[in-house]
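Chain by chain, the residues run as shown.
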Amino acid sequence: MVGQSYEGAARVDGRFLWRISWTTAAAIGLAALLGWLVLGRILRPVRRLADATARITTTRDLATPLPPAGSDEIGRLTRSFEHMLAALRRSRAQQQRLVQDASHELRTPLTSVRGSAELLQRARGRLAPEDEEQILTTLVTETTALDDLVRELVELATDRHTDEEPEAVDLAVVAEDSARRCRLRTGRVVLVVEDDANPPVPVRARPRALQRCVDNLLSNAVRFSPEGTPVAVRVGGGRLAVRDRGPGIAPGEEHAVFDRFYRGPRTQATPGSGLGLAIVHDIVTADAGTVFAATADGGGAEVGFVLPPHDQDGANGPSARGRSRGAARVVARP
């Protein structure tokens, strides 16, 4: 029998286990440190972006700069926040400008109403019947203008048609519907003419909002056209233009007429809120269209818009079928 001690082997195993333990612990610690450093470097832009958004939320200062955007996913997120802030800044600037313009425009009818009411209060029983009738007429006229102004301000500020979804809309049908209402309301001659060289096509738009645009264009044309002169609506492709017989548009005013409360030198004495064309501009541009205004050949103004055509599937939708039942090529009814 031969005997051998295992003490040496046990000693080697102990040293090996000890070395493995501290080597593993050191490797885990080093990996954790490296992971913390790498993740910290990766998440640093996220923390900067979070801090910037927290400052914007607290101070409501939309001019607060965001951290520089890189080329990775965090950079894309930062650029998305920048675009969102730019849109919010534009919206706030538009709201402030609308409030300032509205406060300025509201003072005129309110001052007139207050002055007429104070005159009636002071001279009660001492005014001649014709003077009293004139003051009451002024009150009714100014309150009507004030009511129209407030209604259009609310519509312009809230955009009541934002809940609509764009769909295929036939401009010829919309034009004829608006012209019919305008004839009934004003008794004026309104012509709806389709362009034979460029037949109307279905456009992609919000139906009620588009109807509001054409109504505003017709109301504007009737306001500036002399009594007894016709108003013409020409439709071709995705383009709709309303022609009046008024003083026209002065050079350089082609874009200004779509500004809120803008009144050109030729139209200062004409009643109106100055918001009708601004509403047209906002609705059309929201549907990816463009507006235009110019002096027409032979006098008067031509104001309208161009909308992008709908796709072929939309052209076969309800709006296109509705047209097959409806509008004549040229309509002229008093």
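Look above for the structure.
Residues numbered from 1 in each chain as written. Predicted model: local features only at pLDDT ≥ 70, side-chain atom pairs only at ≥ 80, totals over all residues. Heavy atoms only, no water.

Trainee: Would you mind showing me how to read the overall build of the protein chain here?
Mentor: Counting its secondary structure elements, the protein chain contains eight helices and eight strands. Per-residue burial for the protein chain yields a buried fraction of 34% across its 334 residues. Long-range contacts, defined as pairs at least 24 residues apart, comprise 67% of the intrachain contacts of the protein chain with a sequence gap of at least 6. (Helix = DSSP H or I, 4+ residues; strand = E, 2+ residues; numbered from the N terminus. Buried < 20%, exposed > 50% of the residue type's maximum accessible area, 1.4 Å probe, protein only. Contact = heavy atoms within 4.5 Å.)

Trainee: Can you help me understand the pattern of salt bridges in this one?
Mentor: Any two side chains of opposite charge can pair, given that their charged atoms come close. Tallied over the entire structure, the rule returns six salt bridges. Close ionic contact of R188 with E227 constitutes a salt bridge, the shortest N to O distance being 4.0 Å. Taken together, the residues span a long stretch of sequence, with R188 in the loop between α4 (171–186) and β2 (190–194) and E227 in the loop between α5 (207–224) and β4 (231–236) at a distance of 39 residues. Residue R188 is classed as buried on the basis of its relative accessible area, which comes to 7%. We note a salt bridge from D287 to R206, for which the minimum N-O separation is 3.3 Å. (Salt bridge = Lys/Arg side-chain N within 4 Å of Asp/Glu carboxyl O.)

Trainee: Before we go on, may I ask you to explain the nonpolar core in this structure?
Mentor: Nonpolar side chains tend to gather and get buried jointly when the protein is soluble and globular. The biggest cluster of nonpolar side chains holds 36 residues, and the ones touching the most others in it are L210, L240 and F305. Residue contributions to this core peak at eight residues, all from α5. Excluding anything up to four places from it in sequence, L240 contacts L171, A175, V214, L217, V233, R234, V235, F292, V303, G304 and F305. Counting six residues, the second-largest nonpolar core is a separate cluster that includes A52, I56, L66 and L85. (Core = buried A, V, L, I, M, F, W, Y, C linked by side-chain atoms within 4.5 Å.)

Trainee: What's the story with the pairing of strand β6 (residues 290–295) in this structure? I'm lost.
Mentor: Direction of pairing for β6 relative to strand β7 (residues 301–306): antiparallel, over a ladder of six bridges. In the strand pairing of β7, F292 is matched with G304. Following β6, the chain reverses through five residues before pairing antiparallel with β7; G298 in that reversal takes a positive phi of roughly 90°. (Pairing = 2+ DSSP bridges.)

Trainee: In this structure, what is going on with the environment of P247? I would like to understand it.
Mentor: Assignment of secondary structure puts P247 in the loop between β5 (239–243) and α6 (276–286). Along the backbone, P247 and S225 are 22 residues apart, and their C-alpha atoms lie at a distance of 8.1 Å.

Trainee: What exactly am I supposed to notice about a nonpolar patch on the surface here?
Mentor: Taken together, the side chains of L30, L33, L34, W36 and L37 make up a nonpolar region of the molecular surface, amounting to roughly 550 Å² of accessible area. Looking at the secondary structure, you find W36 in helix α1 (residues 7–59). (Patch = residues over 30% accessible without salt bridge, like charges linked within 9 Å, V, L, I, M, F, W, Y side chains within 5 Å. Areas by Shrake-Rupley, 256 points an atom, 1.4 Å probe, with all protein chains shown as cover.)

Trainee: Can you help me understand α1 in this one?
Mentor: Given 3.6 residues per turn, any residue in an α-helix points the same way as the ones three and four places further on. If you check α1, its first and last C-alpha atoms are 74 Å apart, about what 53 residues at 1.5 Å a residue would give, namely 78 Å. The sharpest bend along α1 measures roughly 40° and falls at L43, with the proline P45 sitting one to four residues further on. Buried within α1 are the following residues: G40, L49, A52 and I56. The positive-phi residue at the C-terminal boundary of α1 is R60, with phi of around 55°. (Expected span 1.5 Å × (residues − 1). Bend = angle between axes of the 7 residues up to and from the residue.)

Trainee: I'm lost on the packing of α5 against α6 in this one. Help?
Mentor: For any two helices packed against each other, one specifies the inter-axial angle together with the distance between the axes. At a minimum axis distance of 9 Å, the contact between α5 and α6 shows a crossing angle of 150°. The angle between the axes of α5 and α6 places the two elements in the roughly antiparallel class. Considering only the axes of α5 and α6, their crossing is left-handed. Residues A209, R212, C213, N216, L217 and N220 of α5 touch α6, and the partners they reach there are G276, L277, I279, V280, I283 and V284. Tallied by class, the residues present in the contact of α5 with α6 amount to eight nonpolar, three polar and one charged. (Axes fitted to C-alpha atoms, helices over the stretch in contact; angles between N-to-C directions. Parallel < 35°, antiparallel > 145°, perpendicular 65-115°, else oblique. Left-handed = near helix turned anticlockwise from the far one by under 90°. Nonpolar A, V, L, I, M, F, W, Y, C, P; charged D, E, K, R; others polar.)

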